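# Commentary on secondary and tertiary structure
Listed here are the chains, written in short residue letters.
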Amino acid sequence: MSEPAIESMAEVRKHLADVIDRARRDETPTIITRRGKSEAVLIDIDEYRRLREADERYEDEWLNRLADQAESEGTEGSVSLEEMAALLRSAN
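The structure displayed is predicted, hence computed values, not measured ones.

We now examine the overall build of the protein chain. Helix and strand counts for the protein chain come out as four helices and three strands. The order of α-helices and β-strands along the protein chain, N terminus first, is β-α-α-β-β-α-α. Its C-alpha atoms give the protein chain a radius of gyration of 22 Å, more than 25% over the compact-globule value 12 Å for 92 residues. The principal-axis extent of the C-alpha atoms belonging to the protein chain is close to 60 × 30 × 15 Å. Looking at the 92 residues of the protein chain, the share that counts as buried comes to 16%. Counting contacts in the protein chain only where the partners sit at least 6 residues apart, residues at least 24 apart contribute 40% of the total. Here the protein chain has roughly 7,800 Å² of accessible surface; of this, 51% comes from carbon and sulfur atoms. On the protein chain, the mean spot of the 14 positive side-chain charges and the mean spot of the 23 negative ones are 11 Å from each other.

Here it is as structure tokens:
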């Protein structure tokens, strides 16, 4: 992936098809700014899918590590889901 191009929203509007082609063909993302502040990034759809899959794998691994850690620590001091819901309701 190439270094991202940085363009204002107004610039992107003028040549959106070119920005999309650059993302797809050249694998160059475009950071879109508004009033000088970064607001969004346009990337190729395949790169988006790859990032989503990586994020989902990371989240699954993280949840599995948490579950393993909780299991290794035992159940002392833990509460059921129903008990937790009751505690949350009583706090409000």
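This next bit is on the pattern of salt bridges. Applying the stated rule across the entire model yields six salt bridges. Between Arg50 and Glu47 there is a salt bridge; the shortest N-O distance is 2.7 Å. Within this pair, Arg50 and its partner Glu47 are both found in helix H3 (residues 45-73), separated by three residues, close to a single helical turn. Here the salt bridges do not stand alone but share partners, grouping Asp21, Arg24 and Arg25 into one network.

Look at Glu47 and you get buried, because its relative accessible area is 17%. When the C-alpha atoms of Glu47 and Glu27 are compared, they prove to be 8.4 Å apart, with 20 residues separating the residues in sequence.

About the criteria used
- Sequence order as written defines the numbering, with residues in each chain counted from 1.
- Only residues with pLDDT of at least 70 get local features here, since the model is predicted, and only at 80 or more are side-chain atom pairs given and counted; chain-wide, interface and lining totals rely on the full set of residues.
- Water and hydrogen atoms were dropped before computing side-chain values, which therefore reflect all heavy atoms in the structure.
- Numbering of helices and strands starts at the N terminus; helices are DSSP runs of H or I of at least 4 residues and strands are runs of E of at least 2.
- C-alpha atoms define the radius of gyration, and 2.2 Å times the number of residues to the power 0.38 defines the globule rule.
- Exposed residues in this analysis have more than 50% of their type's maximum accessible area, buried residues have under 20%, and partly exposed residues fall in between, with area computed by a 1.4 Å probe over protein chains only.
- Residue contacts are defined here by distance: any two heavy atoms, one from each residue, within 4.5 Å place the two residues in contact.
- Computed with the Shrake-Rupley method and a 1.4 Å probe, the accessible areas treat only the protein chains shown as cover for residues.
- Asp and Glu count as negative and Lys and Arg as positive, but His and the ends of the chain are not part of the count.
- We put the charge of a Lys on NZ, of an Arg on CZ, of an Asp on CG and of a Glu on CD.
- Put simply, a salt bridge is a Lys or Arg side-chain nitrogen that is within 4 Å of an Asp or Glu carboxyl oxygen.

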